[in-house]
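# Analysis of the macromolecular model
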Amino acid sequence: MTFSVIIPARLASTRLPNKPLADIGGKPMIVRVAERAEQSGAAQVVVATDAPEILQACATHGVWAIPTRTDHPSGSDRLAEACEQLGLDGQDIVVNVQGDEPLIDPALIDAVANLLASQPAVKMGTAAHTIHALEDFINPNVVKVVTDRQGLALTFSRAPIPWWRDGFAEGISALPTNPAPLRHIGIYSYRAAFLRAFPALPAAPLEQCEALEQLRVLWHGHRIAVHLTPKAPGPGVDTPQDLERVRQLWGQ
């Protein structure tokens, strides 16, 4: 199986300006993400960006980066353009690694890519892990997913799902156990043909309600395979506090 990793990156960030260029152990974060991805089984790792500063940072550290348009409304649109530039199409597998995940496990990248290699009918893959903390279960910023017996996503939500009818009759004070709640991990694999077609799919009402782009895929009748990993991924970077935490972990 061969696959490509594409890392979409842009400078615009309200909570942490110039986030991809933030220093982690002497290198920009976007470079650290690419280096982790290069430890996976990917045939190629490419940063897709609209920022000359990111292109320059990648060039300085030997990371392949390609320029994309500045008007993309989402990372998926940027990925679709990158697929066109790279000549990827049909059954080619692409893994979208977020540019703010410098501690991502290369084995997780491989596992999400393998979902599509092992399930030819599935257009998209992602990952999840079991939730063990009640505060995560009720936190709307923690996206939950429920799956069917084949490990395919039934739905994603910011709400606490699955809803334990009897256990929650007097309020949410404990986690459901059968099935256990799953936290969605924001890594995706796609077949390149589907990824290139995705931006043209009309946005789904449920997607707009929950602000979860992956619900568009389910809304239009496509399936998403979910890899269940036994451990939570390393922390991503959204805020200055997150950045400091990752810097400390990197220095250990």
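No experiment lies behind these values; they were computed from the predicted model shown.

Take the pattern of salt bridges next. With the rule as written, the count across this model stands at 11 salt bridges. For Asp100, the salt bridge is made with Lys19, and the minimal N-O distance between the two is 3.0 Å. Residue Asp100 is found in the loop between strand S6 (93-96) and helix H4 (106-118), and its partner Lys19 is found in the loop between strand S1 (3-9) and strand S2 (23-24); the two are separated by 81 residues along the sequence. One exposure class covers both Asp100 and Lys19, and it is buried. As a salt-bridge pair, Arg165 and Asp166 come within 3.0 Å of each other at their nearest N and O atoms.

The space that makes up the second largest pocket amounts to roughly 160 Å³. Around the second largest pocket, the lining residues are Arg36, Leu103, Asp105, Ala107, Leu108, Ala111, His227, Thr229, Lys231, Ala232, Pro233 and Gly234. Looking at which element gives the most residues to the lining of the second largest pocket, the answer is H4, with three residues. When grouped by side-chain class, the residues that make up the lining of the second largest pocket number six nonpolar, three polar and three charged.

Glancing now at the packing of aromatic side chains. Inspection of the entire model under this criterion finds five aromatic pairs. When the centroid spacing of 6.2 Å and the interplanar angle of 40° are considered together, the rings of Tyr188 and Tyr190 count as tilted. There is no split in this pair, since Tyr188 and Tyr190 are both buried. Each residue in the set Phe137, Trp163, Trp164 and Phe168 is aromatic and connected to the rest through ring pairs, giving one cluster.

Let us look at helix H3 (residues 75-86). Every α-helical turn comprises 3.6 residues, leaving residues that sit three or four positions apart pointing alike. Taking 1.5 Å per residue as the helical rise, H3 with its 12 residues ought to reach 16 Å, and the 16 Å between its terminal C-alpha atoms agrees with that figure. When H3 is considered as a whole, its buried residues turn out to be Ser76, Asp77, Arg78, Leu79, Ala80, Glu81, Ala82, Cys83 and Leu86. At its buried positions, H3 is contacted by S1, strand S4 (44-49), strand S5 (65-67), S6, strand S10 (182-191) and helix H6 (192-197). Phi turns positive, to about 75°, at Gly87, one or two residues after H3.

The rules behind the values
Residues numbered from 1 in each chain as written. Predicted model: local features only at pLDDT ≥ 70, side-chain atom pairs only at ≥ 80, totals over all residues. Heavy atoms only, no water. Salt bridge = Lys/Arg side-chain N within 4 Å of Asp/Glu carboxyl O. Helix = DSSP H or I, 4+ residues; strand = E, 2+ residues; numbered from the N terminus. Buried < 20%, exposed > 50% of the residue type's maximum accessible area, 1.4 Å probe, protein only. 1 Å grid on protein atoms, 1.4 Å probe; cavity = no way out; pocket = protein on both sides within 12 Å on 5 of 7 lines; lining within 4 Å. Points joined across faces, edges and corners; volume = space filled by probe spheres on them. Nonpolar A, V, L, I, M, F, W, Y, C, P; charged D, E, K, R; others polar. Phe/Tyr/Trp six-rings, centres within 6.5 Å; stacked < 30°, edge-to-face > 60°. Expected span 1.5 Å × (residues − 1). Contact = heavy atoms within 4.5 Å.

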